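# What the coordinates show
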Protein chains: 2
Amino acid sequence: MSQEQSQRMQSMCESAKAHVDDLLVLLSKSKMLSTLYVMNCDPDPMRFSEIKKRVDSSSTTVARRLGELEAHGLVTRTAYATVPSTVEYTLTRDAIALQPSLESMFEWVLNRADSSL
Amino acid sequence: MSQEQSQRMQSMCESAKAHVDDLLVLLSKSKMLSTLYVMNCDPDPMRFSEIKKRVDSSSTTVARRLGELEAHGLVTRTAYATVPSTVEYTLTRDAIALQPSLESMFEWVLNRADSSL
DNA sequence: GAGACAGGTTACAACCTTGTTACAAAAGAA
DNA sequence: TTCTTTTGTAACAAGGTTGTAACCTGTCTC
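Predicted model only: the values in this text are computed from it and were never measured.

### Description of the interface of chain B and chain A
Counting residues at the interface gives 30 residues for chain B, matched by 30 residues for chain A. Taken together, the two surfaces of chain B and chain A that pack against each other cover about 2,900 Å², and 69% of this comes from carbon and sulfur. Linking chain B with chain A are four salt bridges. The salt bridge involving B:Asp94 is made with A:Arg112; its shortest N-O contact spans 2.6 Å. Seen at the junction of chain B and chain A, the total is eight residue pairs in polar contact (both at pLDDT 80 or more). If you list the elements that add at least two residues to the side of chain B that touches chain A, you get helix 1 (3–28), helix 2 (32–41) and helix 6 (99–115) of chain B. When grouped by side-chain class, the residues that make up the side of chain B that touches chain A number 16 nonpolar, nine polar and five charged.

Next up, the structure:
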């Protein structure tokens, strides 16, 4: 392999690493796993207030998490011109692909929480 | 159900919730998922410096994460009286049970990182 | 006009977390 | 004697994150 190719390869790997890190940082944010989990539990679109209630956090944090998920293409935000306002969030196909991992992870968490009681 | 029973039930549920939250907070700490992942990749005990290198973080952070994992019974720390010192970390059975979830989660992350290149 | 509702945003103080630097211990090598 | 190694720990400044409180929109109701 030429030095040029090797450099291109390395920069590609580093780019991939950056994307992986980016996703891990995203998933590691507070309430992020919970948010994805509660949205996974119900296949229907979910409203802001419902997510906030289930995740049990402040508006600010829930809004931030949902914004980040939307920015990463993991949720879709749909606003309806009702009064008072209605906004629905849906997981994208990409996020749904993560469902099985999250589910078995939460099963593990629940088992572990059970046995430590 | 008596009110007393209901109260006991509720406090049990809240205790479970606290444990779940505790685990989610643990898993959400920076480099935690990476740490578990790199340790999962290799079934052999792993030394501190090797984990640090693979996780790519400061000694302080790696030591903190490993300490937290040990405190939660997810890794075992074994020190050998060599010079210079040798310390090996191993995932516990509990942590190994989490392996499949983590693996498919990382697969998802890698796929996603790939397609965003 | 005032209040209520959903779904936020903004500002900010308080708190949490991180990496850096310095240090330690123990024993063999130079 | 001083250097080297591994595996950390302590202290601290810099930066990041959180919740709270205040505010906003737009319309229907009282």
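Continuing now.
### Considering the protein's contact with DNA strand D
By nearness alone, 21 residues border DNA strand D, and A:Ser30, A:Thr61, B:Ser49, B:Arg77 and B:Tyr89 come closest of all. Backbone atoms, meaning sugar and phosphate, form 72% of the atoms of DNA strand D found within 4 Å of the protein. A distance of 3.1 Å separates a base oxygen of DNA strand D from a polar side-chain atom of A:Thr60. Here a base nitrogen of DNA strand D sits 3.3 Å away from a polar atom, N or O, in the side chain of A:Arg64. At the level of elements, helix 4 (59–71) of chain A together with helix 3 (48–55), helix 4 (59–71) and strand 3 (86–91) of chain B are the ones that each hand at least two residues to the surface near DNA strand D. Among the elements that take part in the surface near DNA strand D, helix 4 of chain A stands out by supplying four residues, more than any other. For the surface near DNA strand D, a count of residues per class yields seven nonpolar, nine polar and five charged.

### Comments concerning the relation of the copies chain B and chain A
Taken as rigid bodies, chain B and chain A are interconverted by a rotation of 180 degrees and an axial shift of 0.0 Å, the fit giving an RMSD of 0.1 Å. The transformation just described matches what one would write down for a two-fold rotation axis. A shared interface surface links the copies, since 100% of the contact residues of chain B are contact residues in chain A too.

### As for the pairing of strand 3 of chain B
Residue and element names in this part refer to chain B. The pairing of strand 1 (residues 46–47) with strand 3 spans two bridges and is classified as antiparallel. Its bridge partner being in strand 3, Met 46 is matched across the sheet by Tyr 89. The sheet contact formed by strand 2 (residues 75–80) and strand 3 spans six bridges and is antiparallel. The residue of strand 3 that forms the bridge with Thr 76 is Thr 90. Connecting the antiparallel pair strand 2 and strand 3 is a turn made up of five residues.

### Observations concerning the protein's contact with DNA strand C
Near DNA strand C there are 20 residues, and of these A:Ser49, A:Arg77, A:Tyr89, B:Ser30 and B:Thr61 occur at the shortest range. At the protein interface, 74% of the atoms of DNA strand C within 4 Å belong to sugar or phosphate. One of the backbone nitrogen or oxygen atoms of A:Ser85 is found 3.0 Å away from a sugar or linking oxygen of DNA strand C. Between DNA strand C and the protein, one listed contact pairs a base oxygen with a side-chain N or O atom of B:Thr60 at 3.1 Å. For the surface near DNA strand C, the secondary-structure elements that each account for two or more residues are helix 3 (48–55), helix 4 and strand 3 (86–91) of chain A together with helix 4 of chain B. If you tally residues by element for the surface near DNA strand C, the top one is helix 4 of chain B, at four residues. Across the surface near DNA strand C, the residue classes tally to six nonpolar, nine polar and five charged.

### Brief notes about unusual backbone geometry
Residue and element names in this part refer to chain A. Looking along the chain, the bond that leaves Val 83 and enters Pro 84 is cis, with omega of -5 degrees. The topology assignment puts Pro 84 in the loop between strand 2 (75–80) and strand 3. Even without glycine at this site, Lys 31 takes up a positive phi of about 75 degrees. Relative to the helices and strands, Lys 31 is located in the loop between helix 1 (3–28) and helix 2 (32–41). On the accessibility criterion, Lys 31 (28% relative accessible area) is partly exposed.

### Some remarks on the nonpolar core
Proteins that are soluble and globular tend to have nonpolar side chains buried together. Counting residues in hydrophobic clusters, the biggest one holds 58 residues, and the most contacted among them are A:Met39, A:Ile51, B:Met39 and B:Ile51. Not counting residues up to four positions away in its chain, the partners in contact with B:Met39 are B:Met46, B:Ile51, B:Leu66, B:Val75, B:Tyr89, B:Thr90 and B:Leu91.

Parameters at a glance
- Residues numbered from 1 in each chain as written.
- Chains lettered and ligands numbered in written order.
- Predicted model: local features only at pLDDT ≥ 70, side-chain atom pairs only at ≥ 80, totals over all residues.
- Heavy atoms only, no water.
- Contact = heavy atoms within 4.5 Å.
- Buried area = accessible area lost by both parts, 1.4 Å probe.
- Salt bridge = Lys/Arg side-chain N within 4 Å of Asp/Glu carboxyl O.
- Polar contact = N/O pair within 3.5 Å; in protein donor to acceptor, adjacent residues only side chain to side chain.
- Helix = DSSP H or I, 4+ residues; strand = E, 2+ residues; numbered from the N terminus.
- Nonpolar A, V, L, I, M, F, W, Y, C, P; charged D, E, K, R; others polar.
- Near = heavy atom within 4 Å.
- Least-squares fit on C-alpha atoms with pLDDT ≥ 70 in both.
- Pairing = 2+ DSSP bridges.
- Buried < 20%, exposed > 50% of the residue type's maximum accessible area, 1.4 Å probe, protein only.
- Core = buried A, V, L, I, M, F, W, Y, C linked by side-chain atoms within 4.5 Å.

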